[in-house]
Amino acid sequence: MLHITVTAKKSVDPELDGLGRPFVGYEAGMTPDEMYEANHGEWAVGARAQNERFALFSFGRTVIQAVEIESLELTNEREPDDTRDHRYTIHGKILSNGHPVFDKYVGKPTPVSVARNPVRYFNDEELDGGSGALCRCGCEGWTTRGDFIPGHDQRAIHERIARIGTVAEFLDWMDVVRPASLKA
Ligand SMILES: [Zn+2]
């Protein structure tokens with residue numbers, strides 16, 4: 001799941017906001033539509049968001065909204081010389097009472113640890129569709145079982161070898177850091 005921590009309600013310049021909003025963030029008393037409007041963009045969500053079905057939004061360590069993601073729209077494309085990430089707007093359906101994601105998370109404590117980056121991901125094995133864990137190769141895909149998506153263990157090994165150099169160089173390096181025999 002995608003998890004986004006929103007700020008307290010604050011004014012923004014509608015001219016600079018990709019959605020033309022006068023403010024973003026959360027304040028008590030907002031309706032679900034108002035929360036969605038103020039917070040569904042614009043986020044540097046990264047490629048992994050393409051695979052996520054649900055987005056949670058938290059304010060002050062409490063989940064305030066759950067959305068079933070329908071599409072991601074690039075609404076704030078950076079200039080080529082701008083090293084910051086492109087920003088996307090999340091379009092989807094606001095979930096309500098009775099939906100398992102809403103019932104499990106909304107109004108409850110934020111399920112991810114505190115971090116500087118407002119965009120986080122976590123895996124809900126039950127509700128994300130039975131996926132296992134993040135693939136250890138670093139591809140950000142989910143495994144169905146074990147540590148790797150099939151074939152990605154090879155990818156991970158070869159990436160390590162390439163860090164050292166050729167396979168021969170890797171063997172030389174390995175024999176130094178972990179000799180086959182402990183005889184001096
Ligand atoms: Zn992988």
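Residues numbered from 1 in each chain as written. Predicted model: local features only at pLDDT ≥ 70, side-chain atom pairs only at ≥ 80, totals over all residues. Heavy atoms only, no water.

So, on to the coordination of the zinc ion. Binding of the zinc ion to the protein goes through Cys135 (SG), Cys137 (SG), Cys139 (SG) and His152 (ND1), at separations of 2.0 to 2.4 Å. One can describe the site at the zinc ion as tetrahedral: its four donor atoms subtend angles covering 103 to 114° at the metal. Site description for the zinc ion: donor spacing in sequence, C-x1-C-x1-C-x12-H. A relative accessible area of 5% means that Cys135 is categorised as buried. (Donors = N, O, S within 2.8 Å, 3.2 Å for Na, K, Ca; no water. Tetrahedral: all angles 85-135°; square planar, octahedral: opposite > 155°, others 65-115°. Buried < 20%, exposed > 50% of the residue type's maximum accessible area, 1.4 Å probe, protein only.)

This part is about the nonpolar core. Judged by nonpolar contacts, the single largest core of 20 residues is most densely connected at Leu2, Ile4, Trp43, Phe57 and Ile90. Those elements giving two or more residues to this core turn out to be β1 (2-5), α1 (32-39), β4 (54-59), β5 (62-76) and β7 (119-121). Ranked by residues supplied to this core, first place goes to β5 with four residues. In this structure, Ile4 is in contact with Trp43, Leu56, Phe57, Ser58, Ile90, Pro118 and Val119, ignoring residues within four places of it in sequence. Met1, Phe54, Tyr105 and Val106 belong to the second-largest nonpolar core, a separate cluster that totals 12 residues. (Core = buried A, V, L, I, M, F, W, Y, C linked by side-chain atoms within 4.5 Å. Helix = DSSP H or I, 4+ residues; strand = E, 2+ residues; numbered from the N terminus. Contact = heavy atoms within 4.5 Å.)

On the surface, Ile164, Trp173, Met174, Val176 and Val177 cluster together into a nonpolar patch covering about 440 Å² of accessible area. Among the elements that make up the nonpolar patch, the one with the highest residue count is helix α4 (residues 167-177) (four residues). You can see Trp173 is positioned in helix α4. (Patch = residues over 30% accessible without salt bridge, like charges linked within 9 Å, V, L, I, M, F, W, Y side chains within 5 Å. Areas by Shrake-Rupley, 256 points an atom, 1.4 Å probe, with all protein chains shown as cover. Salt bridge = Lys/Arg side-chain N within 4 Å of Asp/Glu carboxyl O.)

Right, let's get into the sheet that holds β1. Here we have five strands laid out as an open sheet, ordered β6-β5-β4-β1-β7, and mixed in their pairing. The two strands at the open ends of the sheet, each matched to only one other strand, are β6 (87-94) and β7. The average angle at which neighbouring strand axes cross in this sheet is 40°, direction not considered. Sitting on the sheet, α1 touches β4, β5 and β6, and the angle it makes with β6 is about 165°. (Pairing = 2+ DSSP bridges. Axes fitted to C-alpha atoms, helices over the stretch in contact; angles between N-to-C directions.)

Helical periodicity: at 3.6 residues per turn, an α-helix aligns residues three or four positions apart in one direction. Given a rise of 1.5 Å per residue, 13 residues ought to cover 18 Å, and the 19 Å separating the end C-alpha atoms of helix α3 (residues 152-164) matches this to within 8%. Every buried residue of α3 is accounted for by His152, Ala156 and Ile161. Tucked into the core, α3 has its buried residues touching α4. In the stretch just after α3, Gly165 is the one whose phi turns positive, near 150°. (Expected span 1.5 Å × (residues − 1).)

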